Amino acid sequence: INFVDHGGPQIIAFPSEFLHAKDLMSALTDMHTKKMYKQLVFYLEACESGSMFVNLLPKDINIYATTASDPTHSSYACYFDKDLRTYVGDCYSINWMENTDASDVTSETLEQQYTIVKQKTNESKVQQYGDVSWVKEPIGT
């Protein structure tokens, strides 16, 4: 899952609504109970995105989450388009997507990707949460 939008403490924003951390956790645990996935990777790009998972995401439901920022800091945009006069990408998302495009996903692991993306994303505090027992597996498995 890749989600990119605005966020705040324990919320991610939609144009006219918010998704609260407790509701996201409820949906994810329900998905696990219904065996809707074997393993799930969740990339979340939003300010304070770590607040959606910290001390909330169970470590035993086979979800590995990585976020653009920790629970109390912003994430940042990059790739300014002069014609549109706006930013067209967020640094964390651009970094993990470009890493995925440039890597051999049959050999690069989630752990290696996390380390690379964390180093390249120097404006925000990239984090990881959940079940890290399988981060040594290749991204493309």
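For the structure, check the block above.
In this text, all values refer to a predicted model and were calculated from it rather than measured experimentally. (Residues numbered from 1 in each chain as written. Predicted model: local features only at pLDDT ≥ 70, side-chain atom pairs only at ≥ 80, totals over all residues. Heavy atoms only, no water.)

Chemist: What should I look at first to understand the overall build of the protein chain in this one?
Modeler: Each helix and strand in the protein chain was counted, giving 3 helices and 9 strands. Ordered by position from the N terminus, the helices and strands of the protein chain form the series β-β-β-β-α-β-β-β-β-α-α-β. Since a compact globule built from 141 residues should have a radius of gyration of about 14 Å, the 15 Å found for the protein chain is in line with a globular shape. With respect to the principal axes defined by its C-alpha atoms, the protein chain has extents near 45 × 40 × 25 Å. When contacts within the protein chain are restricted to residue pairs at least 6 apart in sequence, those whose partners lie at least 24 apart make up 64%. Accessible area for the protein chain stands at about 8200 Å²; split by element, carbon and sulfur atoms hold 52% of it. Distance between charge centroids for the protein chain: 4 Å, based on 11 positive and 19 negative side chains. (Helix = DSSP H or I, 4+ residues; strand = E, 2+ residues; numbered from the N terminus. Rg over C-alpha atoms; globule rule 2.2 N^0.38 Å. Contact = heavy atoms within 4.5 Å. Areas by Shrake-Rupley, 256 points an atom, 1.4 Å probe, with all protein chains shown as cover. Lys, Arg positive; Asp, Glu negative; His and termini not counted. Charge placed at Lys NZ, Arg CZ, Asp CG, Glu CD.)

Chemist: Just checking my understanding: could you explain the packing of aromatic side chains for this structure?
Modeler: Where two aromatic rings form a pair, the distance of their centres and the angle of their planes describe that pair. What the rule picks out here adds up to 6 aromatic pairs. Each ring, one from tyrosine 43 and one from tryptophan 96, has its centre 3.7 Å from the other, and the planes form 10°; the classification is stacked. Separated by 53 residues along the polypeptide, tyrosine 43 in strand 5 (residues 40-45) and tryptophan 96 in helix 2 (residues 91-102) bring together distant segments of the chain. Look at tryptophan 96 and you get buried, because its relative accessible area is 11%. The interplanar angle of 70° and the centroid separation of 5.0 Å between the aromatic rings of phenylalanine 80 and tyrosine 87 together place this pair among those described as edge-to-face. Classification of phenylalanine 80 as partly exposed rests on a relative accessible area of 45%. (Phe/Tyr/Trp six-rings, centres within 6.5 Å; stacked < 30°, edge-to-face > 60°. Buried < 20%, exposed > 50% of the residue type's maximum accessible area, 1.4 Å probe, protein only.)

Chemist: When you look at helix 1 (residues 21-33) in this model, what are you seeing that I'm missing?
Modeler: Along an α-helix, residues three or four apart share an orientation, since each turn contains 3.6 residues. A rise of 1.5 Å per residue sets the reference length of helix 1, with its 13 residues, at 18 Å; its end C-alpha atoms lie 18 Å apart and thus fit the reference within 8%. For helix 1, the complete set of buried residues consists of Ala21, Leu24, Met25 and Leu28. The buried residues of helix 1 occupy an angular sector of 100° when projected down its axis, which confines them to one face. Counted as exposed and oriented over 90 degrees from the buried face of helix 1: Lys22 and Thr33. Packing partners of the buried residues in helix 1 comprise strand 4 (18-20), strand 5 and strand 6 (63-67). (Expected span 1.5 Å × (residues − 1). Arc of directions from axis to C-beta.)

Chemist: Would you mind showing me how to read the pairing of strand 6 here?
Modeler: Consecutive residues of a regular strand have side chains that alternate between opposite faces of the sheet. By the criterion of burial, strand 6 is predominantly enclosed, with 5 of the 5 residues buried. Burial along strand 6 is two-sided: the residues Ile63, Ala65 and Thr67 and Tyr64 and Thr66 are all buried. In this structure, strand 5 lies alongside strand 6, joined through 5 bridges in parallel fashion. Within strand 6, the position partnered with valine 41 by the bridge is tyrosine 64. Pairing geometry for strand 6 and strand 9 (residues 127-130), over 4 bridges, is antiparallel. (Pairing = 2+ DSSP bridges.)

Chemist: How do you make sense of the environment of serine 26 when you look at a structure like this?
Modeler: Note on placement: serine 26 falls in helix 1. Between the C-alpha atoms of serine 26 and leucine 57, which are 31 residues apart in sequence, the distance is 9.8 Å.

Chemist: Please clarify how the sheet that holds strand 3 (residues 11-13) should be interpreted in this entry.
Modeler: Spatially, the 3 strands line up as an open sheet ordered 2-3-4, and their pairing is antiparallel. Of all the strands in the sheet, just strand 2 (7-8) and strand 4 have a single pairing partner and so form its edges. Sheet topology places strand 2 next to strand 3; 2 bridges connect them, and they run antiparallel. Among the inter-strand pairings, glycine 8 is bridged to a residue of strand 3, identified as isoleucine 11.

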